[in-house]
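# Tertiary structure, described
Residues per chain, in single letters:
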2 protein chains.
Amino acid sequence: MGRMAARPENAHQAQLLRLLRDEGPRSRAELGDAVSLSRSKVAVDLDRLLELGLIENAGLAASRGGRRSSLVQVASDLRFVSVDIGATSVDVALTNGVLDVLAHISEPLAVRRGPHVVLERALDLVGKLRAGDAKVEVHGAGVGVPGPVSFSDGVPVAPPIMPGWDRFPVREMLSQALGCPVLVDNDVNIMALGEQHAGVARQADDFLFVKIGTGIGAGIVVGGEVYRGVDGSAGDIGHISVDESGPQCACGNTGCLEAYFGGAALARDATARTGESDLLAERLAEAGELTALDVGAAAAAGDPVAIGMIRDGGQRVGRVLAGLVSFFNPGLVVIGGGVAGLGHMLLAEIRSVVYRRSLPLATGNLPIVLSELGGQAGVIGAARLISDHVFSER
Amino acid sequence: MGRMAARPENAHQAQLLRLLRDEGPRSRAELGDAVSLSRSKVAVDLDRLLELGLIENAGLAASRGGRRSSLVQVASDLRFVSVDIGATSVDVALTNGVLDVLAHISEPLAVRRGPHVVLERALDLVGKLRAGDAKVEVHGAGVGVPGPVSFSDGVPVAPPIMPGWDRFPVREMLSQALGCPVLVDNDVNIMALGEQHAGVARQADDFLFVKIGTGIGAGIVVGGEVYRGVDGSAGDIGHISVDESGPQCACGNTGCLEAYFGGAALARDATARTGESDLLAERLAEAGELTALDVGAAAAAGDPVAIGMIRDGGQRVGRVLAGLVSFFNPGLVVIGGGVAGLGHMLLAEIRSVVYRRSLPLATGNLPIVLSELGGQAGVIGAARLISDHVFSER
């Protein structure tokens, strides 16, 4: 792949590119208005972006009476790669320059198998996706991992569920293999970015994305930007205590939110309670193991044990979120991740606790909603992360 | 007072003024280096600031071999007014343009007496402070109030302990009375700004200021700026639940942090437990009532009841803060406010819980310290708030 792909050369070119990414094809006149630059200055920057191959002409605008003006758009052969590494799966996607997902592969893969196995498999999958699309140039890759990340270094830092990954040079390895700029972030942060780019949080500047999957975490967006904290661990809410006298957690403390809820805890509790539920017992006999999805299915079928588990879990998540809503006063809370597939029953419990327990001023106008993007939030967000970087002044 | 005082006319002038405010007298050459502008452009902007009366010449720099260069500084007759309204007191101060407190009056006054009584008394006190200083011009006033504020409107919004203040036009009334720009913010936010300007948080970009006074609240600073949330209620942590089966709180919920700790709860509990403590009983007999300070004094004298109360309170504050530290991953936590006068015993409890209960990555390098500014944090922060506004592009 050799040389790095072109990037904008100044702040105005970068701004024009991001505008075309987010708003679609625009005329030169519209672009001039949007960036408050003279038409002649916009023309110089657009000509340079055309020369760099970052944008292309896109025909004529619909007539508004006078001369029809010509449109430009992000170059159609521009590509971004997304790699969303979860606790038990890896998702890889290829997007175009406006972050439409062109192809997406998801397969089971345990992150605990270590960085060499996981990243090599991810690169194989990228190769597969690019096989039908070989002429185009990859302009960058965004990567999410299920643990804290030092964003400036592009390495995981002391990630509890990722043995062997501590300080592994993820960004460097992938950047060399792919021949393009790479950024690495926590998986919940990229899901938040995905919802902001293409999902329910499009108009939100200050919001929380709460992932309830194998683990539980939050992505925090402040003023339109992901807030990562001083060590990259902001949003790590799975180990907030909900009851000091509660069960032992893998982290060493007791009564953490994750020790009660999240995919692993739900599967464990469902297995332990098959004696009380014929439905769960049948599913265990059929599949050999129970997951959070089985609990969801049993609850949907009216099983009282499963319904009770989801209600209890929703209450505990709600209590933690109530405190965070009082603290952070967000404009929106988005619930996503695998366990969020439990859907509206879980959402109803969370809502009822948050609306009852947070400061009235902070909840008076606070939507709490399910993710719209589901399994695509991560890959869209990873593409958004790297495109913000690539579509910026060098 | 008539016409409004002068303000900088462009972004460079504003930047130069803030630099002189924060760094003290500087030569023209040093200023040019700091703002990355040519000497001739800096000279034009400095000349204009001199004409506007916002800066003044300050003699010659110490010789460094060649020609001694002349220094400029913020005009010495420039003044800011600070008004820090607490639950039971009002503080008023006058600062110069580099935010040194020139005069400061603090007097007891219950905020529940309503906006007319409190703001008129505050204006009287401002008049007193200005009496010896009549020739100088007030360039702006910063105001803190003990409740949520709509920052853009300059009005308190549904403040629980401020009857009669809901949507009262505080900014407008004071701006008309003082003839200068006014900004109104939550009292904890201005204390956070004070610590950032002149206290222990000078080098911190992302930190929490936790006030434990009559109420309990947090000021959140993100990227060097106060984060207020979408409704201005961010940081309202006094009503986070620490125990659902706990005592009834004034807010209607049960087991809120403030129902256990904070000045009012401590005074109530100390009064209820005088039967167990001779020291507290004596103090009650002497003074007719007990306050948080009596608990602190009894603890310092070794009284086991008082020590137990502070330890319990510190544990509960620590549990809430542990969750917020996991969520927010700040670089620093500053503890201030009246009850923080309980000092190192309280701090030790809070530290021990936070360090034990938060994610190790988030606490590995997290100082938790007492406020250095004490009773001056609010007035310095209020001056900082308004000076950031006045020293900005109009």
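Residues numbered from 1 in each chain as written. Chains lettered and ligands numbered in written order. Predicted model: local features only at pLDDT ≥ 70, side-chain atom pairs only at ≥ 80, totals over all residues.

## Some thoughts on the overall build of chain A
Of the regular secondary structure elements, chain A holds 14 helices and 15 strands. For a compact globule of 394 residues, the expected C-alpha radius of gyration is about 21 Å, and chain A comes in at 23 Å, within 12% of that figure. Along the first, second and third principal axes, the C-alpha atoms of chain A reach 75 × 50 × 40 Å. When the 394 residues of chain A are sorted by exposure, 52% land in the buried category. A sequence separation of at least 24 residues applies to 63% of the contacts in chain A between residues at least 6 apart. (Helix = DSSP H or I, 4+ residues; strand = E, 2+ residues; numbered from the N terminus. Rg over C-alpha atoms; globule rule 2.2 N^0.38 Å. Buried ≥ 20, exposed ≤ 12 C-beta atoms within 10 Å, placed from the backbone. Contact = placed C-beta atoms within 7 Å.)

## Some points on the interface of chain B and chain A
Contact with chain B, which involves 33 residues of that partner, is made by 33 residues of chain A. Listed by contribution, the elements that provide at least two residues to the side of chain B that touches chain A are β12 (216-222), α11 (304-328) and α13 (360-363) of chain B. It is α11 of chain B that provides the largest number of residues to the side of chain B that touches chain A, a total of seven residues. Across the side of chain B that touches chain A, the residue classes tally to 18 nonpolar, ten polar and five charged. (Nonpolar A, V, L, I, M, F, W, Y, C, P; charged D, E, K, R; others polar.)

## Some points on helix α1 (residues 11-23) of chain B
Residues and elements named next belong to chain B. With 13 residues, α1 should reach 18 Å at 1.5 Å per residue; the first-to-last C-alpha distance of 18 Å fits that figure. Q13, A14, Q15, L16, L17, L20 and R21 are the residues of α1 that are buried. The elements touched by buried residues of α1 are β1 (26-27), α2 (28-35), α3 (39-51), β2 (55-60), β3 (70-74) and α14 (377-390). Phi turns positive, to about 85°, at G24, one or two residues after α1. (Expected span 1.5 Å × (residues − 1).)

## Observations concerning the relation of the copies chain B and chain A
One copy of the chain maps onto the second through a rotation about an axis and a displacement along it. Each copy of the sequence occupies a distinct position, and chain B is placed on chain A by a rotation of 180° and an axial shift of 0.0 Å, giving an RMSD of 0.0 Å. In short, the pair behaves as if placed about a two-fold rotation axis. The rotation axis passes nearest to the C-alpha of L324 of chain B in chain B, at a distance of 3.7 Å. The overlap is high: 100% of the interface residues of chain B also sit at the interface in chain A, so the same surface is used on both sides. (Least-squares fit on C-alpha atoms with pLDDT ≥ 70 in both.)

## Points about the domain arrangement of chain A
Residues and elements named next belong to chain A. The domains assigned to chain A are domain 1 (11-74), domain 2 (78-196 + 377-390) and domain 3 (202-371). Contacts between domain 1 and domain 2 engage four residues on the former and five residues on the latter. Residue composition of the side of domain 1 that touches domain 2, grouped by class: two nonpolar, one polar and one charged. (Domains from an automatic or database assignment.)

## Some points on the packing of helix α4 (residues 115-131) of chain B against helix α5 (residues 170-178) of chain B
Residue and element names in this part refer to chain B. Interaxial distance between α4 and α5 falls to 11 Å at its minimum, and their mutual angle equals 35°. Where α4 crosses over α5, the two elements pack in a sense that is right-handed. Contacts from P115, L119 and L123 of α4 reach α5 at V170, M173, L174 and A177. Residue composition of the contact of α4 with α5, grouped by class: seven nonpolar, no polar and no charged. (Axes fitted to C-alpha atoms, helices over the stretch in contact; angles between N-to-C directions. Left-handed = near helix turned anticlockwise from the far one by under 90°.)

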